[in-house]
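Single-letter residue listing:
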Amino acid sequence: MKILVLGTGGGTIASAKTERGYKAALSADDILRIAGIKRRDGVKIETQDILNLDSTLIQPEDWVTIGRAVFKAFDEYDGIIITHGTDTLAYTSSALSFMIRNPPVPVVLTGSMLPITEPNSDAPRNLRTALTFAGKGFPGIYVAFMDKIMLGTRVSKVHSLGLNAFQSINYPDIAYVKGDEVLVRHKPRIGNGEPLFDPELDPPNVVHIRLTPGLSPEILRAVARTTDGIVLEGYGAGGIPYRGGRNLLEVVSETAREKPVVMTTQALYGGGVDLTRYEVGRRALEAGVIPAGDMTKEAALTKLMWALGHTRDLEEIRKIMERNIAGEISRD
């Protein structure tokens, strides 16, 4: 069995202390060596560094670079690990899930909250979790953190400092790893067709806006003029303010006639967006807003980028956003 570890520079997991703070400086080989991870019985571990970036600096074009390296490795390796900084890890795992269809082997992203060079770092633990799961042959794109395996389109970073920084949102954890044992809790339905690399993205003009009390319609209108698509992060089950001089619904209605406006929610857990539940939601639905269901904000944003890379037809974009492609939405 052969496992490939792809290094991206990865933020904390690959950081070393400098005069200007922690900076990505370690190669994938360095990370494994410091973690004390060596070849296991019958398992050959190889490494390849494809980026050297703090994850805060990761951009959509870097997702394509990572995806291309992953897809190229399918013929030679039985599992693939990606070391990645935690700040944008959930965006990368979601983007890869849309770009890489029907992966034939496990692709597991992982990182750490404490630099691997620091005492009591969680990096060795997370790396061992990723390597153990990658060797078990469950195809798909996953995130490994604190002994948990989570589906790539369902994770969000929920803690800025705590070691248990990632949670699976509105979806069960896939598995737990204890030593060399993998305890499977949920098997996602993964496509069994031929692997496909579909990296078409249109990221430059897609924006995410969090609704807040007092948000000016003119600010929203100014943003809408310069974008090809908007993800609105609304309240609760979803809805758009329309009262008095802060009628955001009017702006959204104007915008949604020409470009996609997708609504997700600020509430992490529950049923996600349901625009049929309240009057404010029904008005948004009538205005042409596309509900994101229970997608994470990361999945909603990257999926809209991916959809716009394929079409500008509003009805086609709506169909893509409402279709379950990689386990990102609780809808067949």
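Okay, so let's go over this structure. (Residues numbered from 1 in each chain as written. Predicted model: local features only at pLDDT ≥ 70, side-chain atom pairs only at ≥ 80, totals over all residues. Heavy atoms only, no water.)

Describing unusual backbone geometry
Its identity is not glycine, yet aspartate 147 carries a phi of approximately 70°, on the positive side. Mapped onto the elements, aspartate 147 comes out in the loop between β8 (140-145) and β9 (148-151). If you check the backbone angles, asparagine 170 has positive phi at about 55° while not being a glycine. When you line up the elements, asparagine 170 lands in the loop between β11 (166-168) and β12 (175-178). We classify asparagine 170 as partly exposed; its relative accessible area is 21%. (Helix = DSSP H or I, 4+ residues; strand = E, 2+ residues; numbered from the N terminus. Buried < 20%, exposed > 50% of the residue type's maximum accessible area, 1.4 Å probe, protein only.)

Notes on the packing of aromatic side chains
Applying the stated criterion across every chain yields a total of six aromatic pairs. Ring geometry for phenylalanine 71 against phenylalanine 197: centres 5.7 Å apart, planes inclined by 25°, an arrangement best described as stacked. Highlighted residues: phenylalanine 71 in helix α2 (residues 60-73) and phenylalanine 197 in strand β14 (residues 196-197), separated in sequence by 126 residues. Within the aromatic cluster, the residues linked to one another by ring pairs are Phe71, Phe74 and Phe197. In this structure, lysine 2 packs its charged tip against the face of tyrosine 77, placed 4.9 Å from the ring centre. Above the ring of tyrosine 242, the side-chain terminus of arginine 283 is found at 4.1 Å from the ring centroid. (Phe/Tyr/Trp six-rings, centres within 6.5 Å; stacked < 30°, edge-to-face > 60°. Lys NZ or Arg CZ within 6 Å of the ring centre and 35° of its normal.)

Things to note about the sheet that holds strand β16 (residues 229-234)
Sheet architecture is open: four strands sit in the order β15-β16-β17-β18, paired in parallel fashion. Here the strands that pair on one side only, and so sit at the sheet edges, are β15 (206-210) and β18 (290-291). Pairing geometry for β15 and β16, over five bridges, is parallel. Pairing of arginine 210 across the sheet is with glutamate 233, part of β16. (Pairing = 2+ DSSP bridges.)

Side note on the pairing of β12
Of the two faces of β12, the one holding Ala175 and Val177 is buried and the one holding Tyr176 and Lys178 is not buried anywhere. As defined by bridge partners, β9 adjoins β12 across two bridges and the pair is classed as antiparallel. Bridging from a neighbouring strand, lysine 148 pairs with tyrosine 176 of β12. Across four bridges, β12 lies against strand β13 (residues 181-184) in antiparallel orientation. Residue alanine 175 lies in a different strand from β13, and its bridge partner there is valine 184. Where β12 hands over to β13, the hairpin turn is made up of two residues, of which glycine 179 adopts a positive phi near 65°.

Structural notes on the packing of helix α5 (residues 217-225) against helix α6 (residues 248-256)
Between α5 and α6, the least distance of the axes is 9 Å, while the angle of their chain directions is 15°. Taken together, α5 and α6 sit at an angle that is classed as roughly parallel. Considering only the axes of α5 and α6, their crossing is right-handed. Residue-level inspection shows Pro217, Leu220, Arg221 and Ala224 of α5 in contact with α6, the latter providing Leu248, Val251, Val252, Glu254 and Thr255. For the contact of α5 with α6, the per-class residue count stands at six nonpolar, one polar and two charged. (Axes fitted to C-alpha atoms, helices over the stretch in contact; angles between N-to-C directions. Parallel < 35°, antiparallel > 145°, perpendicular 65-115°, else oblique. Left-handed = near helix turned anticlockwise from the far one by under 90°. Contact = heavy atoms within 4.5 Å. Nonpolar A, V, L, I, M, F, W, Y, C, P; charged D, E, K, R; others polar.)

A word on the side chain of serine 156
Within the secondary structure, serine 156 sits in strand β10 (residues 155-157). In this structure the side chain of serine 156 is engaged in a polar contact, spanning 2.8 Å, whose partner is the side chain of glutamate 298. Sequence-distant contacts of serine 156, that is, excluding residues within four places in its chain, are made with Ala90, Ala165, Phe166, Gln167, Ile169, Thr296, Lys297 and Glu298. (Polar contact = N/O pair within 3.5 Å; in protein donor to acceptor, adjacent residues only side chain to side chain.)

A few points about the environment of isoleucine 290
By secondary structure assignment, the location of isoleucine 290 is in strand β18. As a C-alpha pair, isoleucine 290 and lysine 44 span 246 residues in sequence and 46 Å in three-dimensional space. Discounting chain neighbours no more than four positions away, the residues touching isoleucine 290 are Pro260, Val261, Val262, Met263, Ile317, Arg318, Met321 and Glu322.

Topic: the environment of glycine 309
With respect to the helices, strands and loops of the structure, glycine 309 is situated in the loop between α8 (297-308) and α9 (314-322). Separated by 117 residues in sequence, glycine 309 and asparagine 192 place their C-alpha atoms 24 Å apart. Among residues more than four places away in sequence, those in contact with glycine 309 are Glu200, Leu201 and Asp202.

Some thoughts on the pattern of salt bridges
A complete count under the given rule lists 17 salt bridges for this structure. Between lysine 2 and glutamate 76 there is a salt bridge; the shortest N-O distance is 3.0 Å. Remark: glutamate 76 occurs in the loop between α2 and β5 (79-83) and lysine 2 occurs in strand β1 (residues 2-7); sequence separation between them is 74 residues. Two residues, arginine 221 and glutamate 218, come together in a salt bridge whose shortest N-O distance is 2.7 Å. (Salt bridge = Lys/Arg side-chain N within 4 Å of Asp/Glu carboxyl O.)

A closer look at helix α3 (residues 89-99)
An α-helix turns once per 3.6 residues; consequently, residues spaced three or four apart project the same way. Among the 11 residues in α3, 10 count as buried, and that is most of the element. Those residues of α3 not exposed but buried are Leu89, Ala90, Thr92, Ser93, Ser94, Ala95, Leu96, Ser97, Phe98 and Met99.

A few points about the nonpolar core
Ranked by internal contacts, the top residues of the largest apolar core, which has 55 residues, are Val70, Ile80, Ile82 and Met99. Beyond its immediate sequence surroundings of up to four residues, methionine 99 is in contact with Trp63, Val64, Leu196, Phe197, Asp198, Pro199, Leu201 and Trp306. In this structure, Ala28, Ile174, Val177 and Val182 belong to the second largest nonpolar core, which totals 29 residues. (Core = buried A, V, L, I, M, F, W, Y, C linked by side-chain atoms within 4.5 Å.)

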